[in-house]
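# Overview (structure and organization)
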Amino acid sequence: MAKTVKVYSTPTCPWCIRVKQFLSENNISFENYDVGADQAKAEEMIQKSGQMGVPVVDIDGTVIVGFDKEKIKATLGL
Amino acid sequence: MHDLIIVGAGPAGITAAVYAARKRLQVLVISKDIGGQAAWSGDIENYTGYQFITGPDLTAKFVEHMRQYNIALKENEAVTGIKKIQDVITITTDKGSYECRSLIIASGKRTRDLNVPGEKEYKNRGLTYCATCDGPLFAGKDVAVIGGGNSALDAALQLVNIASKVYIINNVSSLAGDAIMREKLETNPKVTVLNNSQIKAVLGEKFVKSIRVLTPEDEKEFLVQGVFVEIGLIPNSEFAAGLDKNKTGEIKVDSRNETSIPGIFASGDVTDVPEKQIIIAAGEGSKAALNVFRYLSQHKF
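Residues numbered from 1 in each chain as written. Chains lettered and ligands numbered in written order. Predicted model: local features only at pLDDT ≥ 70, side-chain atom pairs only at ≥ 80, totals over all residues. Heavy atoms only, no water.

Before going further, it helps to examine the packing of helix α1 (residues 11–22) of chain B against helix α6 (residues 278–299) of chain B. Residue and element names in this part refer to chain B. Contact geometry for α1 and α6: axes closest at 7 Å, N-to-C directions at 35°. Classified by chirality, the crossing of α6 by α1 is right-handed. Contacts from Pro11, Ala12, Thr15, Ala16, Tyr19 and Ala20 of α1 reach α6 at Ile278, Ala281, Ala282, Gly285, Ser286, Ala289 and Leu290. Here the contact of α1 with α6 is built from residues that sort into 10 nonpolar, three polar and no charged. (Axes fitted to C-alpha atoms, helices over the stretch in contact; angles between N-to-C directions. Helix = DSSP H or I, 4+ residues; strand = E, 2+ residues; numbered from the N terminus. Left-handed = near helix turned anticlockwise from the far one by under 90°. Contact = heavy atoms within 4.5 Å. Nonpolar A, V, L, I, M, F, W, Y, C, P; charged D, E, K, R; others polar.)

Shown next, in the form of structure tokens:
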């Protein structure tokens with residue numbers, strides 16, 4: 001079954017762009033939240049990850065900070 | 001024994017690798033990351049052939065180009081030392097050691113740390129080195145930008161549209177960036193510039209709550225939730241002991257990109273070449289590779 005993937009990002013951050021590119025290239029559908037525009041989602045991201053750096057990727061509850069390609073691959077089983 | 005090892009995989013290292021591979025040199029690239037500072041750049045509008053491209057997209061193009069050739073790549077590996085004994089150059093890393101006939105150092109630059117208490121603890125907990133990335137998270141908050149050069153002013157200009165108050169903590173007597181940027185900031189009511197002032201500590205609980213600043217009058221505490229560090233870059237040249245460097249640590253190279261040790265070349269931002277640009281780094285990388293080829297042909301190892 002497909003995993004639920006959420007990306008917390010800002011439109012300007014290079015690693016956010018790369019993480020979204022990576023997911024798209026691997027045909028992983030995801031929900032993107034712009035934490036610059038959406039204050040509630042920003043709070044949610046800070047709560048989940050305990051920090052304020054973007055991007056944050058949430059894969060079925062596993063929270064990954066930054067574009068950690070290896071960890072994202074392992075969590076998705078790619 | 002490799003013909004050539006390249007340290008770094010930013011624009012200089014990748015371009016050098018492509019040129020070396022086209023000369024049929026047996027090349028190994030060792031790097032901590034791919035793309036270097038270019039991968040962190042926002043919008044690029046001065047790389048010929050692209051009127052507009054983002055840093056990540058240009059990096060992806062570089063990598064795609066490199067993958068057309070048989071180039072060995074060790075990623076996530078940090079070089080810790082180099083030495084040359086007779087005609088053999090040995091590279092040691094955090095994972096092993098490698099031998100080669102020639103070397104190109106293209107390890108670039110990194111952001112300079114503040115070196116004050118609280119910096120490490122609050123990294124990504126209010127303290128950041130990338131205003132472009134993390135700026136939008138500080139909507140309606142009070143923030144401080146540390147630094148007074150162009151990158152600091154650029155960060156401050158991005159932040160005045162987001163934050164409610166922006167302090168600029170500058171350790172010399174006036175801001176150093178471009179006049180047009182300075183004027184925009186100095187006339188903005190949200191901005192307070194503190195000249196001749198030094199950050200002493202970053203304080204908080206789970207996240208940043210304040211900074212302590214030594215001003216010309218006394219040491220004061222400023223309540224801020226964000227700290228943006230923009231105090232310039234330093235060359236990744238520490239591992240290259242024994243090479244001639246300038247006073248900022250940049251590796252000295254001649255017009256053929258050769259360092260003070262024959263067979264060891266360098267290119268891009270880690271060198272003393274004037275002007276640091278993606279296109280210059282790429283050009284310097286190609287020049288280094290061509291001169292490596294010449295060096296190897298002349299020596300017939």
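Following the structure, the description resumes.
All names here are of chain A. Residues Val56 and Asp58 line one face of strand β3 (residues 56–59) and the alternating positions Val57 and Ile59 line the opposite face, and both faces are buried. Pairing between strand β1 (residues 5–9) and β3: four bridges, direction antiparallel. Residue pairing for β3: lysine 6 is matched across the bridge by aspartate 58. Relative to strand β4 (residues 62–65), β3 runs antiparallel, the two sharing four bridges. Within the sheet, the bridge partner assigned to valine 57 lies in β4 and is isoleucine 64. From the end of β3 to the start of β4, which pair antiparallel, there are two residues, and aspartate 60 there has a positive phi angle of about 50°. (Buried < 20%, exposed > 50% of the residue type's maximum accessible area, 1.4 Å probe, protein only. Pairing = 2+ DSSP bridges.)

Below, the discussion takes up the state of the cysteines. Applying the stated criterion across every chain, the model contains two disulfides over all chains. Across the disulfide from A:Cys13 sits A:Cys16; the S-S distance is 2.2 Å. Sign of the S-S torsion, about 95° for the bond between A:Cys13 and A:Cys16, identifies this disulfide as right-handed. The burial state of A:Cys13 is the same as that of A:Cys16; both residues are buried. Paired by a disulfide, B:Cys130 and B:Cys133 hold their sulfur atoms 2.2 Å apart. Between B:Cys130 and B:Cys133 the sulfur-sulfur dihedral comes to about 65°; the bridge is accordingly right-handed. The pair B:Cys130 / B:Cys133 is uniform in exposure class, with both members buried. (Disulfide = S-S within 2.5 Å.)

Residue and element names in this part refer to chain A. Along helix α2 (residues 39–49), the residues classified as buried are Lys41, Ala42, Met45, Ile46 and Ser49. Projected down its long axis, α2 shows its buried positions confined to an angular sector of 140°, all on one face. Residues of α2 that are exposed and point more than 90 degrees away from the buried face comprise Ala40 and Gln47. Of the surrounding elements, those touching the buried residues of α2 are β1, β2 (31–34), β3 and β4. Capping of α2 at its N-terminal end is provided by aspartate 38; its side-chain oxygen lies 3.2 Å from the backbone amide nitrogen of alanine 40. Glycine 50 lies just past α2 and shows a positive phi near 70°. (Arc of directions from axis to C-beta. Polar contact = N/O pair within 3.5 Å; in protein donor to acceptor, adjacent residues only side chain to side chain.)

Let's shift gears to the interface of chain A and chain B. Interface size is commonly expressed as the accessible surface area that is lost when the partners come together. On the side of chain B, 19 residues touch chain A, which itself brings 19 residues to the contact. Ranking the residues of chain A by area buried against chain B places A:Pro14, A:Trp15 and A:Met52 at the top, with a combined share of 35%. Run the count over chain A and chain B and you get zero salt bridges. Inspection of the region where chain A meets chain B yields five residue pairs in polar contact (both at pLDDT 80 or more). (Buried area = accessible area lost by both parts, 1.4 Å probe. Salt bridge = Lys/Arg side-chain N within 4 Å of Asp/Glu carboxyl O.)

Looking at chain B, the pLDDT average stands at 94 and 100% of residues meet or exceed 70. For this predicted complex, the interface confidence score (ipTM) comes to 0.81, while the overall pTM stands at 0.80. (pLDDT = per-residue confidence, 0-100.)

At the junction of A:Val54 and A:Pro55, the peptide bond is cis and its omega measures out at -5° in the coordinates. Along the polypeptide, A:Pro55 turns up in the loop between α2 and β3. Despite not being glycine, B:Asn124 has its phi angle at roughly 65°, a positive value. Within the secondary structure layout, B:Asn124 lies in the loop between β9 (109–111) and β10 (127–128). Not every positive phi belongs to a glycine, and B:Asn196 is a case in point at roughly 50°. For B:Asn196, the position within the fold is in the loop between β13 (191–194) and β14 (198–204). On the basis of relative accessibility, which here comes to 42%, the residue B:Asn196 falls in the partly exposed class.

Averaged over chain A, the pLDDT score is 92; the fraction of residues at 70 or greater is 99%. Confidence, expressed as mean pLDDT per element, reaches its minimum in chain A at helix α1 (residues 14–25) of chain A with 89 and its maximum at β1(A) with 97.

With that settled, consider the environment of B:Ala176. One can find B:Ala176 in the loop between β12 (165–169) and α5 (179–186). Between the C-alpha atoms of B:Ala176 and B:Leu114, which are 62 residues apart in sequence, the distance is 18 Å.

Once that is clear, we can look at the pattern of salt bridges. The tally for this structure, following the rule as stated, stands at 11 salt bridges over all chains. When the shortest N-O distance is used, the salt bridge between B:Lys220 and B:Glu217 registers 3.3 Å. You can call B:Glu217 exposed: its relative accessible area is 61%. One salt-bridge network, held together by shared partners, links A:Lys41, A:Glu44, A:Lys48 and A:Asp58.

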